[in-house]
Structures are given as C-alpha cells and as structure tokens.
Amino acid sequence: MAASSNSSLSGSSVSSDPEDYQPPIWKSYLYQLQQEAPRPKRITCPQEMETRPKYYGREFHGMIPREYADEMLGGAEGAYLIRESQRQPGTHTLALRFGHQTLNYRLFYDGKHFVGEKRFESVHDLVTDGLITLYIETKAAEYIAKMTTNPIYEHLGYTSLLKDKMVHRLSRGRTEPRRVTFQRDDRVSVISSPLGRRSALKDSPEKQCSYEKLHNFKVHTFRGPHWCEYCANFMWGLIAQGVRCSDCGLNVHKQCSKLVPSDCQPDLRRIKKVYSCDLTTLVKAHNTTRPMVVDMCIREIELRGLKSEGLYRVSGFSEHIEDVRLAFDRDGEKADISADAYADINIIAGALKLYLRDLPIPVITFDLYSKCIQAAKISNADSRLEAIHEGLLQLPPAHYETLRYLMAHLKRVTMFEKDNLMNSENLGIVFGPTLMQPPEQNALATLNDMRQQKLVVQLMIEHEDVLF
C-alpha cells in the first residue's frame, strides 16, 4: 500500500548539472498519513480526585485496575486516560487506545511530560504526537524502511552549487601532507638535525586532502510542515520531528542524518563567534585554509615581534588579550590588532595561544593524543619521528594545515633565539599543553605527560621541513 500510494510522488526529474538544477518535488505520502491519524479523545473522571497531581487534569482517574481503564476507553481510537499504578503506587500510567487495543505507557513528569525521549508541555500534545507516530509507523513501516534508498540530497542547492567553488578555493596554495620515511642511509642527501642523524625523504603516495566536515545535527522542532532535505519525505510529528545542522541549517530525519555525507558548508550567519568555535567549522564558514586568528596574529608577530625577548613565554595583560578575543568575535578578519591598537606584541601572542587553547577539539585532536604521547616515548630518534609523522597524517585537513603553518612560524621564531631567547625546547614547553590535551581532563595524566607534550612540539619545530 505504501509504495503504490506514492508512485506519482517519487521525486523530481533532476540533473546532476548545477546549471540545470530544479527544486525537488516533496513527497506527500507521509504528510497525508499524518492528516489521517486518530485525534486524541480525553476520557475525564466524573469526580474530583484528591490524589490527583497538580500537573494532570481531569484525565487522571486515580488508582484503578487496568481492566477498568480498558473498559472506560470504550474501544474508541485515540481515547486516553491516566491512572495510578496499583503495582507501583506513586507512579502513573498513560492508557491509550490504538489499533483496536489498549496500550499502556509509564508516564513521567520533570517539568514536562514524557514517555520516551520527547518532552511535551501537555499530556494532550504527548498523545497527539504519539498517535501520529503510531499511525504512520503502522501504515508505512515498509515505506519508511526504504525511503532513504533514492535520496534527492545530491541535487540540493549548496551541495551541488558550492562544491566546485569550495574545492577550487581551498586547493590554491595549499600544502598537502607528505608521507616520508626516516632512515639512516649514506647514499642519500643529508638533512641535518640536533639528533645528529641522517634522514632520507622518500616520496610516497600523498594523502588526499579535502576539507570535509561532519554536520552538527541537533534535534529540532519545526513549526509548520517540513520535509527532509535528504529523502524529500515529510517529517512527521508534533515536536522534535527531525534534526537540523546548527552550522549550515540542513534539515533531515534523524535516521537520514546517518547517511548524509560529511560535506557541511557552515553558514556565516550561524557562526556566532570565532574563539571556541570548531576549527574546521570556522575555516569552512570563512572559506579559508586556516583560521583567520592564526594567520593574522602570526603575520603581526612576524612583522614586529620576532626579536621580542621571551616571545610566547612572557604574558601580556589578560584584559587586553580579552579585548583582542572580543574584537575577533565581533569583527572577524576586520579586527584591528596593529601596533596602534596593541603596542605590546605579547598581547597578540597571548591572543593566539588563547585561541588555540580554547578550541573545542585541540589542533592535535583527542583521537591522536595517545598516539603522539606514545611516539614521544620511543627511544630511537628515527622511529620516533616516523611515529609522529604517521600521527600527523591522520589529522583532519584543517588541523593539519593549521599545525603546519604554526610550526613553520615557530621555526622562524627560533632563528632569532639570540634576541628572543626562545629555542625549540622553550617553545615546546609553552605550546605542548596548548596544542595537545588528553581526551579526559585528568590533571594527573596531564602532569605526567608534560615531558612528552613538550618533546612532540619541540620535534615538530626542529623537523618542520621533514614532518610536514
């Protein structure tokens, strides 16, 4: 029945060419079923119940047997009442008539009414939503199971029209990760290092680099009829009918969200701030290869601060660093961090460290933290670098590019060590805890790992030209 009922609404004839894009035809079958669903019929109690909780109305019948509740519902589809459980006094049961039988649900209240994940302002809304869901899932179970097999998603606006633009923009001037091999070999070119070793740089297949981003889906209540932008089917229910990506605004069924590609293109209007924003989200929203904060702060530091004594170690005034953060959050790339606004370069350096420290996912991601810590514990210098390099190749592209750019900058900082007194070890001490954080915020674990954190960053600075 389900399949045949929608045979004329299977979708639009769309072209893969963005120039020929036509809006999809939304499929109305599930919407029609929602309109047909039984309506709630409240069965009221004829007398006032002294034991009635204040958050229930006349649908509460007190402690009555299940059989009596069934009799009171009278076989009418959508009829419902609330009773106190005889087996567990103090708990309440919603008795609902559907499909020629009485269904009993444990009913909860914590400021809102619920029997499952969804929470409702009133019992009436809960029953309305429940009847819609029961009716649709009963009538269209097979249809729902198959509705994701012919998605329209690839034909939607931003997924087709912006894809070429994004790839072209991000590919310009981008350094892609290189896979290298470290070994001792007298027959190859020598790359000097403080470790007193020789390493050979051998080409191997490059890691494909693309700025993919997962959608940030959150349960959403849509006001008025809405259709899924993945399968084109109606999103049924009264509340929490589906999920919406909080970064790009894509609306889909919860089950469809698992099939949507990692191609979120964040909408700048939805990005409320720069600091504490996910790194990949920020660069995709601004269509850049790295976060603007990193580029602008490093540019300013290299313009006037490379010889500043204690660069990155000496702290700027925290109030001024906070001002810079607010400026980026408010003005973005138009933020003024020039010498006229902030003469002390330590303020700019502090703002950069604060940005990196406040990332919800560190530059060296939680997933790779243990791998890098273990790599630092390897005694053989070449094997240690090999292990760190393997870890870097697993970074998300935006994180990799940001780290590569930062390490190249810190390498240049060490070239002015005579003036700024900052060598790779000192910078490793400063940036280790900033770039690497354990998945679980365990103070003892962080303390125990400080030596390895410092060493990882120190080695990335010293061997930046080989590791990236």
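A brief report on the enclosed structure follows. (Residues numbered from 1 in each chain as written. Predicted model: local features only at pLDDT ≥ 70, side-chain atom pairs only at ≥ 80, totals over all residues. Heavy atoms only, no water.)

**Some words on the sheet that holds strand β4 (residues 101–109)**
To keep it simple, the criterion reads: Whether two strands pair depends on DSSP finding at least two bridges between them. Numbering of helices and strands runs from the N terminus, with a helix taken as a DSSP run of H or I at least four residues long and a strand as a DSSP run of E at least two residues long.
An order of β1-β2-β3-β4-β5 is seen for the five strands of this open sheet, with the pairing classed as mixed. With partners counted over all chains shown, the strands left at the sheet margins are β1 (41–42) and β5 (113–114), one partner each. Where strand β3 (residues 92–98) and β4 come together, seven bridges link them in antiparallel fashion. Looking across to β4, one finds that Phe98 is bridged to Gln101.

**Digging into the pattern of salt bridges**
Quick reminder of the rule: For this document, the term salt bridge refers to a Lys or Arg side-chain nitrogen within 4 Å of an Asp or Glu carboxyl oxygen. With a 1.4 Å probe rolled over the protein chains alone, any residue whose accessible area is under 20% of its type maximum counts as buried; one over 50% counts as exposed, and the rest are partly exposed.
Counted according to the given criterion, the structure contains 19 salt bridges. For Asp247, the salt bridge goes to Lys213, with nearest N and O atoms at 2.8 Å. With Asp247 in the loop between β7 (242–245) and β8 (251–252) and Lys213 in the loop between α7 (163–171) and β6 (217–220), this pair connects stretches of sequence that are 34 residues apart. One salt bridge connects Glu322 with Arg325, and the closest N-O pair in it is separated by 2.3 Å. Note that Glu322 and Arg325 are positioned in helix α11 (residues 318–331) at a spacing of three residues, about one turn of the helix. Given the relative accessible area of 31%, Glu322 is considered partly exposed. Each of Arg290, Asp295, Glu401 and Arg404 takes part in salt bridges that share partners, so that together they form one network.

**Overview of α11**
Which entries qualify depends on this criterion: Take the residue count of a helix, subtract one, and multiply by 1.5 Å to get its expected span. Should any heavy atoms of two residues lie within 4.5 Å, those residues are counted as being in contact.
Look at α11: 20 Å from first C-alpha to last across 14 residues, which is about the 20 Å you get at 1.5 Å a residue. Buried within α11 we find Ile321, Val324, Arg325, Ala327, Phe328 and Asp329. Looking at the packing, one finds that the buried side of α11 touches α10 (292–304) and α12 (345–357). The positive-phi residue at the C-terminal boundary of α11 is Gly332, with phi of around 65°.

**Some words on the side chain of Thr91**
Going by this rule: Polar contacts here mean pairs of N or O atoms no more than 3.5 Å apart (in protein, one a potential hydrogen donor and the other a potential acceptor; neighbouring residues in sequence count only if both atoms are side-chain atoms).
By the secondary structure assignment, Thr91 is in the loop between β2 (79–84) and β3. At 2.6 Å, the side chain of Thr91 forms a polar contact with the backbone oxygen of Gln88. Beyond its immediate stretch of four places on either side in the chain, Thr91 contacts Arg83, Glu84, Ser85 and Arg106.

**Concerning the sheet that holds β8**
Taking strand neighbours across the sheet as the criterion, the three strands line up as β6-β7-β8 in an open arrangement whose pairing is antiparallel. Every other strand in the sheet has two partners, leaving β6 and β8 as the edge strands with one partner each.

**Some words on unusual backbone geometry**
You will see that Ala232, though not glycine, has its phi angle at about 75°, which is positive. Mapped onto the fold, Ala232 is located in the loop between β6 and β7. You will see that Ala240, though not glycine, has its phi angle at about 45°, which is positive. If you trace the backbone, Ala240 turns up in the loop between β6 and β7.

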